[in-house]
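Per-entry structural report
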Amino acid sequence: MNKGTLFLIPCSLGESDLDFILPAKVKTVIQSLDEFIVENEKTARKFLKEVGITIPQSQLIIHEIDKHNPQFNYSDILKICETGKNIGLLSEAGVPAVADPGALVVKKAHEKNIRVVPLVGPSSILLALMASGMNGQQFCFHGYLPKEKDTLIQKIKFLEKESQQKNQTQIFIETPYRNNQLFSEILKICDAQTFLCIATDITLDSEKIITKKIGDWKKTFPDLSKKPTVFLIYSSN
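Looking only at helices and strands, one finds nine helices and ten strands in the protein chain. The principal-axis extent of the C-alpha atoms belonging to the protein chain is close to 60 × 35 × 30 Å. Of all intrachain contacts in the protein chain linking residues separated by at least 6 positions in sequence, the fraction that spans at least 24 positions is 76%. For the protein chain, the exposed surface amounts to about 12,500 Å²; the carbon and sulfur share of it is 51%. One finds the centroid of the 29 positive side-chain charges in the protein chain at a distance of 3 Å from the centroid of its 27 negative side-chain charges.

Bringing unusual backbone geometry into the picture now. Positive phi, close to 75°, is recorded for A97, a residue that is not glycine. Of note, K226 is a non-glycine position whose phi angle comes to about 65°, a positive value. Residue position: K226 is located in the loop between α9 (214–217) and β10 (229–234). Overall, the relative accessible area of 69% leaves K226 in the exposed class.

A word on the layout of surface pockets. Taken as a whole, the largest pocket holds about 720 Å³ of empty space. As for the largest pocket, its lining consists of 28 residues, and the residues nearest its centre are A93, A99, S124, Y144 and I173. In terms of residue count, the dominant contributor to the lining of the largest pocket is strand β6 (residues 139–144) (three residues). Looking at the lining of the largest pocket residue by residue, the classes come out as 15 nonpolar, seven polar and six charged. Counted as a void, the second largest pocket has a volume near 300 Å³. It is helix α3 (residues 41–51) that provides the largest number of residues to the lining of the second largest pocket, a total of five residues. Of the residues contributing to the lining of the second largest pocket, the split by class is eight nonpolar, six polar and five charged.

Strand order in this open sheet of five strands is β3-β2-β4-β1-β5, and the pairing throughout is parallel. Sheet topology places β3 (61–64) and β5 (115–118) at the edges, where each strand pairs with a single neighbour. Neighbouring strand axes in the sheet, compared pairwise and without regard to direction, differ in orientation by 25° on average. One ladder, built from two bridges, connects strand β2 (residues 35–38) with strand β4 (residues 87–90); its direction is parallel. Within β4, the position partnered with I37 by the bridge is L89. Seen against the sheet, helix α5 (residues 102–111) touches β1 (5–9), β2, β4 and β5 and runs at an angle of roughly 160° to β1.

Turning next to helix α2 (residues 24–31). By the burial criterion, the buried members of α2 are V26, K27 and I30. Buried residues of α2, seen end-on, are gathered within an arc of 100° and therefore sit on one face of the element. Opposite the buried face of α2, by more than 90 degrees, sit the exposed residues A24, K25 and T28. Along its buried surface, α2 packs onto β1, α1 (18–21), β2 and α3.

What counts, and where the lines are drawn
Residues numbered from 1 in each chain as written. Predicted model: local features only at pLDDT ≥ 70, side-chain atom pairs only at ≥ 80, totals over all residues. Heavy atoms only, no water. Helix = DSSP H or I, 4+ residues; strand = E, 2+ residues; numbered from the N terminus. Contact = heavy atoms within 4.5 Å. Areas by Shrake-Rupley, 256 points an atom, 1.4 Å probe, with all protein chains shown as cover. Lys, Arg positive; Asp, Glu negative; His and termini not counted. Charge placed at Lys NZ, Arg CZ, Asp CG, Glu CD. Buried < 20%, exposed > 50% of the residue type's maximum accessible area, 1.4 Å probe, protein only. 1 Å grid on protein atoms, 1.4 Å probe; cavity = no way out; pocket = protein on both sides within 12 Å on 5 of 7 lines; lining within 4 Å. Points joined across faces, edges and corners; volume = space filled by probe spheres on them. Nonpolar A, V, L, I, M, F, W, Y, C, P; charged D, E, K, R; others polar. Pairing = 2+ DSSP bridges. Axes fitted to C-alpha atoms, helices over the stretch in contact; angles between N-to-C directions. Arc of directions from axis to C-beta.

This is the structure:
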């Protein structure tokens, strides 16, 4: 028996136009499925409805990932693929498995020799890098930086030094309500000639992606509170 396919389904990064961020062929694939692995059932059902899935909501099979449970059994969910049925892995925002717990599902799929097919969609990390004007040949994504202030300061200093030594763009994110605090710390710590890109509300009507030297950022203080933001720093000193 041929095994089914695990499709990695991208999601919008906010209240954006799905016709703008998802190709028609991607929507066709999504509409052909009736079983999904998701982070949050409520928001997943809302997204699937917006995509135009015609299968009644009552007939959709939704599996929620328990990302807080290290013993969560991903193998059981993937058993359906082993019977020949296709299934979709849906991110909460952006693309699955990139800064996303779906990576564990994909890992299990490979262990079971299940075909994995990534579908085209928005990744805030790559879109921010594309628009930053920074080094796209050498870059590193660090996820969330430490919360504790002293550790955070050390980390920012380390990232700036790494950028200098490796000619590497450093990319990281923060919980939206702490964006302003992180921005303030970056201005205090980094050299005036280091470049900082702030990419907020990517793909939304309110999108802003701006790159300036730290010295120039100190002349202004954008309000980043509650706005999904990607931070990028680059220093070639």
